[in-house]
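# Notes for the structure review
Here are the chains, one letter per residue:
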Amino acid sequence: MATRKNTQSPVLHVADSHGLIRVLGARVNNLKDVSVEIPKRRLTVFTGISGSGKSSLVFGTIAAESQRLINETYSAFVQGFMPTLARPEVDVLEGLTNAILVDQQRMGSDPRSTVGTATDANAMLRILFSRLGKPHIGSPKAFSFNVPSISGAGAVTVQRAGRTVKERRSFSITGGMCPRCEGRGTVSDIDLTQLYDDSKSLSEGALTIPGYTAGGWNYRLYSESGFYDPDKPIRKYTKKELHDLLHREPTRMKIAGINMTYEGLVPRVQNSMLAKDREAMQPHIRAFVDRAVTFTVCPDCDGTRLAEAARSSKIKKLSIADACAMQISDLADWVRGLDEPSVAPLLTTLQQILDSFVEIGLGYLSLDRAAGTLSGGEAQRVKMIRHLGSSLTDVTYVFDEPTTGLHPHDISRMNALLLQLRDKGNTVLVVEHKPEVIAIADHVVDLGPGAGTAGGTVCFEGTVEGLRGSGTITGRHFDDRASLKKAVRTPTGTLEIRGATLHNLRDVDVDVPLGVLAVVTGVAGSGKSSLVHGSIPAGAGVVSVDQGAIRGSRRSNPATYSGLLDPIRKAFAKANDVKPALFSANSEGACPTCNGAGVIYTDLAMMAGVATTCEECEGKRFEASVLDYHLGGRDISEVLAMSVTEAEEFFGKGDARTPAAHRILERLADVGLGYLSLGQPLTTLSGGERQRLKLATHMAEKGGIYVLDEPTAGLHLADVEQLLGLLDRLVDSGKSVIVVEHHQAVMAHADWIIDLGPGAGHDGGRIVFEGTPADLVAARSTLTAEHLAAYVGA
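This text gives an overview of the structure that appears in the document. (Residues numbered from 1 in each chain as written. Predicted model: local features only at pLDDT ≥ 70, side-chain atom pairs only at ≥ 80, totals over all residues. Heavy atoms only, no water.)

Glancing now at empty space enclosed by the protein. Scanning the entire structure with this criterion turns up seven cavities of 30 Å³ or more. A volume near 170 Å³ is recorded for the largest cavity. Surrounding the largest cavity, 18 residues form its lining, Lys-434, Thr-712, Ala-713, Gly-714 and His-743 being those nearest its centre. Of the residues contributing to the lining of the largest cavity, the split by class is five nonpolar, eight polar and five charged. As a volume, the second largest cavity reaches approximately 120 Å³. (1 Å grid on protein atoms, 1.4 Å probe; cavity = no way out; pocket = protein on both sides within 12 Å on 5 of 7 lines; lining within 4 Å. Points joined across faces, edges and corners; volume = space filled by probe spheres on them. Nonpolar A, V, L, I, M, F, W, Y, C, P; charged D, E, K, R; others polar.)

A few words now on the sheet that holds strand 4 (residues 92-94). Strands pair in a sheet through their backbones, by hydrogen bonds, and they do so in one of two ways: parallel or antiparallel. Spatial strand order, 2-1-4: three strands in an open sheet with antiparallel pairing. If you trace the sheet from one side to the other, it starts and ends with strand 2 (34-39) and strand 4, each paired once. Direction aside, neighbouring strands of the sheet carry axes that sit 5° apart on average. Pairing of strand 1 (residues 20-26) with strand 4 involves three bridges; the strand directions are antiparallel. (Pairing = 2+ DSSP bridges. Helix = DSSP H or I, 4+ residues; strand = E, 2+ residues; numbered from the N terminus. Axes fitted to C-alpha atoms, helices over the stretch in contact; angles between N-to-C directions.)

A word on the layout of surface pockets. Taken as a whole, the second largest pocket spans an internal volume of roughly 410 Å³. Together, 18 residues line the second largest pocket, and Gly-619, Lys-620, Arg-621, Gly-679 and Pro-681 are the ones closest to its centre. Within the residue set of the lining of the second largest pocket, elements represented by two or more residues are strand 22 (599-604) and helix 21 (636-640). Class assignment of the residues belonging to the lining of the second largest pocket gives a composition of seven nonpolar, seven polar and four charged.

Closest axis-to-axis distance for the helix 7 (residues 265-274)/helix 8 (residues 283-292) pair is 12 Å, and the angle between their directions is 130°. Comparing their axes, helix 8 and helix 7 come out oblique. Considering only the axes of helix 7 and helix 8, their crossing is left-handed. Facing Val-269, Met-273 and Leu-274 of helix 7, the residues of helix 8 in contact are Ile-285, Phe-288 and Val-289. Across the contact of helix 7 with helix 8, the residue classes break down as six nonpolar, no polar and no charged. (Parallel < 35°, antiparallel > 145°, perpendicular 65-115°, else oblique. Left-handed = near helix turned anticlockwise from the far one by under 90°. Contact = heavy atoms within 4.5 Å.)

With that settled, consider the packing of helix 11 (residues 328-336) against helix 12 (residues 344-359). Running from N to C, helix 11 and helix 12 point in directions that differ by 155°, and their axes come no closer than 9 Å. With respect to their mutual orientation, helix 11 and helix 12 come out roughly antiparallel. The crossing of helix 11 and helix 12 is left-handed. Contact residues: helix 11 offers Ile-328, Ser-329, Leu-331, Ala-332, Val-335 and Arg-336, while helix 12 offers Leu-347, Leu-350, Gln-351, Leu-354, Asp-355, Phe-357 and Val-358. In the contact of helix 11 with helix 12, the residues fall into nine nonpolar, two polar and two charged.

What follows is about the pattern of salt bridges. Evaluated as defined, the whole model comprises 34 salt bridges. Across the salt bridge formed by Arg-369 and Glu-378, the nearest N and O atoms sit 3.8 Å from each other. On the basis of relative accessible area, Arg-369 is assigned to the partly exposed category, the value being 23%. With a closest N to O distance of 4.0 Å, Arg-498 and Glu-496 form a salt bridge. When its relative accessible area of 55% is taken as the criterion, Glu-496 is described as exposed. Within the structure, one salt-bridge network assembled from shared partners comprises Lys-485, Arg-489, Asp-728, Asp-732 and Asp-751. (Salt bridge = Lys/Arg side-chain N within 4 Å of Asp/Glu carboxyl O. Buried < 20%, exposed > 50% of the residue type's maximum accessible area, 1.4 Å probe, protein only.)

Below, the structure is given as structure tokens:
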């Protein structure tokens, strides 16, 4: 019998010589010929101030090329259905492995998407109830709130034995969708007085819906339909005419020689505006919907989205609606108690998914929670669920700030998960600012030294210890610890919150001090956002800055997003005595060749499209004649190429002095975006830059109370100092600032802290401390107190 000697070959096998990912000459976005070597099967953290090029290197270069190479292994037919990726601007990329991206994109805000549908937990529960539920009502479709019940009957013609035979056939599909709310859980009523002014006729502009202005196609559809007299005031319509205006079924007709479909105003508004998630709407549409529509819980299904039959089938006295409404940690215990050999493999897989939720710190969620209501950090961790139990190895996992939205108590748990992925033999690349995560890295790459054009180079590569002594911005700030304030401000008043019960809040009564910097904190899922956003709604003197992502295309830039372009266009128009529209690359001033995009896109089917700079305008986006008009010696394209700092000086004095533009530029500089060029496309901004751009824009809104939800998200340790200075200036100017935050530097800087807990979900929802940071540290009575005390070295 042959025996195998367990002796190691002294010569390294050639297959074991590929232990590095090598990047040479990367030039994506602001990277300046960056070359790095990243060890495989190790945890590498990429750090550097916001806008220094971390995401450009990790996501735009390494992950993008890995995905492009994998896509190229599919047939041309399949590639036609996939997003086309161009090869990143880089000289050499070696040693790549399959990359799995876990980014911070908010999950789809489709009203039908829930935590359960996004993680396959719902699909498994549906199979479970279709097998074990009593009474048995049908297949898994019968428990899906996205499948309606359908039935039909009719005659069919069948060829049989050379003869044509007519037979009667019928079919039925049992779905789980509630017929009243169509699986949305809420029903909407429309306030008709917000759709039209009944004292006017259609010819006089009676319709008050956005996009239905007189002369437009939407308006002509109604005024030229012929169902009623357009010159007659709406209040004088007969019952039939009013029904035709508001509720008529879709009808094909010709208007001005064009085929169009007419339908009543109510179904048209419902289909065009209410079918979208509120968060995905444009601001003016959202304002109209808030005025015109009231959403109430569906009375038929009580918000569960499911038909009565689906709710009647139960396992151990629990329906699928009850199971989805349970806290996931409780549901995991319930599933563990089911002993049914016939579905054992299904129960094991479901158990693993639910346990992963608990392990990752999301045990406080429920499966029926709408996906659009998750914060960026929660959405990212929900996406991680499917990777935790994976048996894949030698994969590159790429994480974008996985600790966003996490309390210091939860960060250690996240660190354990990252190390667990590494220890299975995977390469883990993390873009991160938090010192607690940088500390566990095997290898650190620090980019900088500045942001935007001042960044894009590697300042340091090596170990964490090496980073500490490196003298880079990250190295210098790595061991920074904010100290507690010597003296705190005195409140000028209080905002009373009484009996707050939203989500997991337990009849909370709290007085929030005004005129000071108040911080609301607590572990993830303890009820902070529910308390602040639920009890202090935006409007009526309250300016609310949430975590919602900035939406914008390649045509959007800081100047258009912040409203800066309006006063600039007017100043140019006034100085040259022409129309303001000429100075917009999205309007009359656009270059006719590239339509104001600055580049010309060539679509190459399944191959990556090519973007070439427009030869006509040389990438300036404007028509040549527009560039003949000047303000203060500069044309509009030169102004948009300026940085915020340059523009602030330009519009502050001399011929170009424009106070309205100068005020907006001051706010952009205040939040630390002085290096950003006014015309830089929004799609190229980093997460931290977008967060601060949004903050600067909201600062223009009139209000005495500012509510900020995690303003430090995406900010480097050095940027956090600047943010604290901004918050101090806001408070000193007489405003009240309420911040929902986990960052210990912000807590230490606060005048007043409200701590929720003690745990998450139904273990939270209570006020466990309110007082000054010094009192919190002295008491050490909560998890927050322990971490803050350790942070300030008390």
